[in-house]
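# Fold and geometry: a report
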Amino acid sequence: PLDLSSKLLSVEVFDGSSIVDPVVVSNTFWGSLQRQLISVILGQVLAAIVFAVVASFFASQLSNLREWIVTKFLTSNDTVSPGARKEFIRADDVTYKRAPDFGKLLICLAIDFVGSASELIPILGEFSDIVSAPIAATILQNLFGSKILFFFEFAE
């Protein structure tokens, strides 16, 4: 059997003397890190391109699928009891279109700006959220009449 002292003496200690040129090791490390970063960036770009191509393909197919569903299930010449089927109304055919309310948009942008600007002050920013969150939530509730918006703004 081997004793513990012989095991401890057989372990080689690294003292750095086996490195011939630390600059070579450093250049190798940074070179490999640079290649890895470039491959990650290229991978992200390629993934975005593939996603855009696939999304555009499926977007065109969704229109075809919608048309097929409308012709297959929603249009029929046979007589059915009144109220059994409802006529399908396309969103493009709706004549009433609400004009965009830029006043509400500016108020919402101002609320977001104030909420984000409070984070610029390192310690005081978190405490200012305690005051600004209920005020912003109340403004949004009065603006849109929604308690769900109040909850989400207050939680944010």
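Keep in mind it's a predicted model, so treat the numbers as computed, not measured.

### Concerning the overall build of the protein
- A count of helices and strands for the protein gives five helices and zero strands.
- Listing the helices and strands of the protein from first to last along the sequence gives α-α-α-α-α.
- Of the contacts formed within the protein by residues at least 6 apart in sequence, a portion of 33% connects residues at least 24 apart.
- Entry remark: accessible area of the protein is about 13,800 Å², with carbon and sulfur atoms responsible for 69%.

### With respect to the confidence of the model for the protein
- Taken over all residues, the pLDDT of the protein has a mean of 76, while the share at 70 or more is 69%.
- Mean pLDDT across the elements of the protein ranges from a minimum in helix H1 (residues 4–9), with 60, to a maximum in helix H3 (residues 102–117), with 87.

### Topic: the layout of surface pockets
- The computed volume of the largest pocket comes to approximately 300 Å³.
- Lining the largest pocket are 15 residues, with Ile111, Gly115, Asp129, Ser132 and Glu153 positioned closest to its centre.
- When residues of the lining of the largest pocket are traced back to their parent elements, those giving at least two are H3 and helix H4 (124–144).
- Sort the elements by how many residues they give to the lining of the largest pocket and H4 lands first, with six residues.

### Focus: a nonpolar patch on the surface
- On the surface, a nonpolar cluster with roughly 1,000 Å² of combined accessible area is contributed by Ile107, Leu120, Ile121, Ile123, Leu124, Phe127, Ile130, Val131, Ile135 and Ile139.
- With six residues, the top contributor of residues to the nonpolar patch is H4.
- For Leu124, the position within the fold is in helix H4.

### Structural notes on the environment of Ala133
- By the element assignment, Ala133 lies in helix H4.
- Given the relative accessible area of 15%, Ala133 is considered buried.
- Between the C-alpha atom of Ala133 and that of Phe154, which follows or precedes it by 21 residues, the distance is 5.3 Å.

### A look at the packing of aromatic side chains
- Taken as a whole, this structure holds two aromatic pairs when the rule is applied.
- Ring geometry for Phe57 versus Phe58: centroids 5.4 Å apart, planes at 65 degrees, classification edge-to-face.
- Of the residues examined, Phe58 reaches a relative accessible area of 47% and is grouped as partly exposed.

### What about the side chain of Glu153?
- By the element assignment, Glu153 lies in helix H5 (residues 147–155).
- It turns out Glu153 is buried and unbridged, and the closest side chain with the opposite charge, Lys104, is 15 Å from it.
- Not counting residues within four places of it along the chain, the set of residues in contact with Glu153 comprises Ile111, Ala136, Ala137 and Leu140.

Definitions and cut-offs
- Residues numbered from 1 in each chain as written.
- Predicted model: local features only at pLDDT ≥ 70, side-chain atom pairs only at ≥ 80, totals over all residues.
- Heavy atoms only, no water.
- Helix = DSSP H or I, 4+ residues; strand = E, 2+ residues; numbered from the N terminus.
- Contact = heavy atoms within 4.5 Å.
- Areas by Shrake-Rupley, 256 points an atom, 1.4 Å probe, with all protein chains shown as cover.
- pLDDT = per-residue confidence, 0-100.
- 1 Å grid on protein atoms, 1.4 Å probe; cavity = no way out; pocket = protein on both sides within 12 Å on 5 of 7 lines; lining within 4 Å.
- Points joined across faces, edges and corners; volume = space filled by probe spheres on them.
- Patch = residues over 30% accessible without salt bridge, like charges linked within 9 Å, V, L, I, M, F, W, Y side chains within 5 Å.
- Salt bridge = Lys/Arg side-chain N within 4 Å of Asp/Glu carboxyl O.
- Buried < 20%, exposed > 50% of the residue type's maximum accessible area, 1.4 Å probe, protein only.
- Phe/Tyr/Trp six-rings, centres within 6.5 Å; stacked < 30°, edge-to-face > 60°.
- Lys, Arg positive; Asp, Glu negative; His and termini not counted.

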